[in-house]
Amino acid sequence: MTTIEEAVRYREPTQADLPDIQVIDGAAFRDRYPFFVLRQFMDLNSSRCVVAVEPCGDEDKVVGYAMTIMGEGSRAWLISLAVSPDRRGHGYGRGLLRRSIRVCRHKGDVDEIWLTVDPKNVSAYNLFREFGFVLREHDERYFGEDEPRDVLVYKLHRLPGDRPVGAGENGYTGA
């Protein structure tokens, strides 16, 4: 018998995946991205994005996604990572994050991956810290009134087992 974890595949998204991505985004975030924004992110950055899919008849069912875009210089931003509510807790977020980091490393033009996370989103925060993301800064009004976010950074040149960059090193404030 195949388990959920064994049935999932990860791949680059296609335009046909956008409706599923938008549904997952809407279930995960209070302020979901409008369809046209998701479309433009994909048009500009699809090779840096990843979807988790399960077989569903003759088609794939998207059960999670991660969108990474290039920022200033050699900085990439993981602008969104979400898993369908009925698939959370099965390791899909971990798989999406791992593959997003690999894509950035493989492209060769990224030194750091930045992201923002709601400090109250404990499960996401723990996942990012598990992978070695460290606190860069906290902003009480990052997305406006009552919308605090922590900005986390992952240095791609770190190797597994390296100590995360902490306070006093390279200007980072995280531990």
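Everything here concerns the structure above.
The following paragraphs examine the structure supplied in this document. (Residues numbered from 1 in each chain as written. Predicted model: local features only at pLDDT ≥ 70, side-chain atom pairs only at ≥ 80, totals over all residues. Heavy atoms only, no water.)

**Quick word on helix α3 (residues 35-45)**
- Those residues of α3 not exposed but buried are V37, L38, F41, M42 and N45. Buried residues of α3 fall within an arc of 135° about the axis and therefore sit on the same side. The exposed residues of α3 that point more than 90 degrees off its buried face are F36 and L44.
- Considering only its buried residues, α3 is in contact with α2 (18-28), β3 (59-70) and β4 (75-83). (Buried < 20%, exposed > 50% of the residue type's maximum accessible area, 1.4 Å probe, protein only. Helix = DSSP H or I, 4+ residues; strand = E, 2+ residues; numbered from the N terminus. Arc of directions from axis to C-beta. Contact = heavy atoms within 4.5 Å.)

**Structural notes on the packing of aromatic side chains**
- Evaluation of the coordinates by the stated rule reveals 5 aromatic pairs.
- Look at W77 and W114: their rings are 5.6 Å apart centre to centre, the planes differ by 50°, and that puts the pair in the tilted class. With a gap of 37 residues between them, W77 in strand β4 and W114 in strand β5 (residues 112-117) connect regions that are remote in the sequence. No difference in accessibility class separates W77 from W114, as the two residues are buried.
- Among the aromatic side chains, those forming a connected cluster through ring pairs are F128, F133 and Y154.
- The ring of W114 has R75 sitting right over it, with the charged end atom 3.7 Å from the ring centre. (Phe/Tyr/Trp six-rings, centres within 6.5 Å; stacked < 30°, edge-to-face > 60°. Lys NZ or Arg CZ within 6 Å of the ring centre and 35° of its normal.)

**Some points on the sheet that holds strand β2 (residues 50-56)**
- Here 7 strands make up an open sheet; going across it, the order is β1-β2-β3-β4-β5-β7-β6 and the pairing mixed. The outermost strands of the open sheet, each flanked by one partner alone, are β1 (9-11) and β6 (134-139). For this sheet, the mean inter-axis angle between neighbouring strands, taken without regard to orientation, is 25°.
- In this sheet, β4 lies alongside β3 in antiparallel orientation, the contact comprising 7 bridges. Opposite G64, over in β4, you have V83 as the bridge partner.
- Across the face of the sheet, α3 comes into contact with β3 and β4 while running at roughly 70° to β3.
- Contacting β1, β2, β3, β4, β5 and β7 (149-155), helix α4 (residues 92-107) crosses the sheet at an angle of about 160° to β4. (Pairing = 2+ DSSP bridges. Axes fitted to C-alpha atoms, helices over the stretch in contact; angles between N-to-C directions.)

**Remarks on the packing of α4 against helix α5 (residues 122-131)**
- Interaxial distance between α4 and α5 falls to 11 Å at its minimum, and their mutual angle equals 40°. Considering the angle they form, α4 stands oblique to α5. At the point where α4 passes α5, the crossing takes the right-handed sense. Contacts between α4 and α5 involve G93, R94, L97, R98 and I101 on the former and, on the latter, L127, F128, E130 and F131.
- Taken together, the residues of the contact of α4 with α5 break down into 5 nonpolar, 1 polar and 3 charged. (Parallel < 35°, antiparallel > 145°, perpendicular 65-115°, else oblique. Left-handed = near helix turned anticlockwise from the far one by under 90°. Nonpolar A, V, L, I, M, F, W, Y, C, P; charged D, E, K, R; others polar.)

**Some details on the side chain of D150**
- Considering the arrangement of structural elements, one finds D150 in strand β7.
- Although D150 is buried, it makes no salt bridge; R129 carries the closest opposite charge, 7.7 Å away.
- Within the structure, D150 has its side chain in polar contact with the side chain of H138 (distance 2.4 Å).
- Beyond its immediate stretch of four places on either side in the chain, D150 contacts L115, T116, V117, P119, Y125, L135, E137 and H138. (Lys, Arg positive; Asp, Glu negative; His and termini not counted. Salt bridge = Lys/Arg side-chain N within 4 Å of Asp/Glu carboxyl O. Polar contact = N/O pair within 3.5 Å; in protein donor to acceptor, adjacent residues only side chain to side chain.)

**Thoughts on the pattern of salt bridges**
- Going through the model one piece at a time under the given rule, you end up with 13 salt bridges.
- Across the salt bridge formed by R87 and D86, the nearest N and O atoms sit 2.9 Å from each other.
- Using a relative accessible area of 16% as the deciding quantity, one classes R87 as buried.
- Exposure remark for D86: the relative accessible area of 47% places this residue in the partly exposed category.
- Between R149 and E147 there is a salt bridge, and its shortest N-O distance comes to 3.2 Å. Judged on exposure class, the residue R149 and its partner E147 are both buried.
- Each of R9, R11, D17 and D60 takes part in salt bridges that share partners, so that together they form one network.

From the geometry alone we can't say anything about function, so treat these as descriptive.
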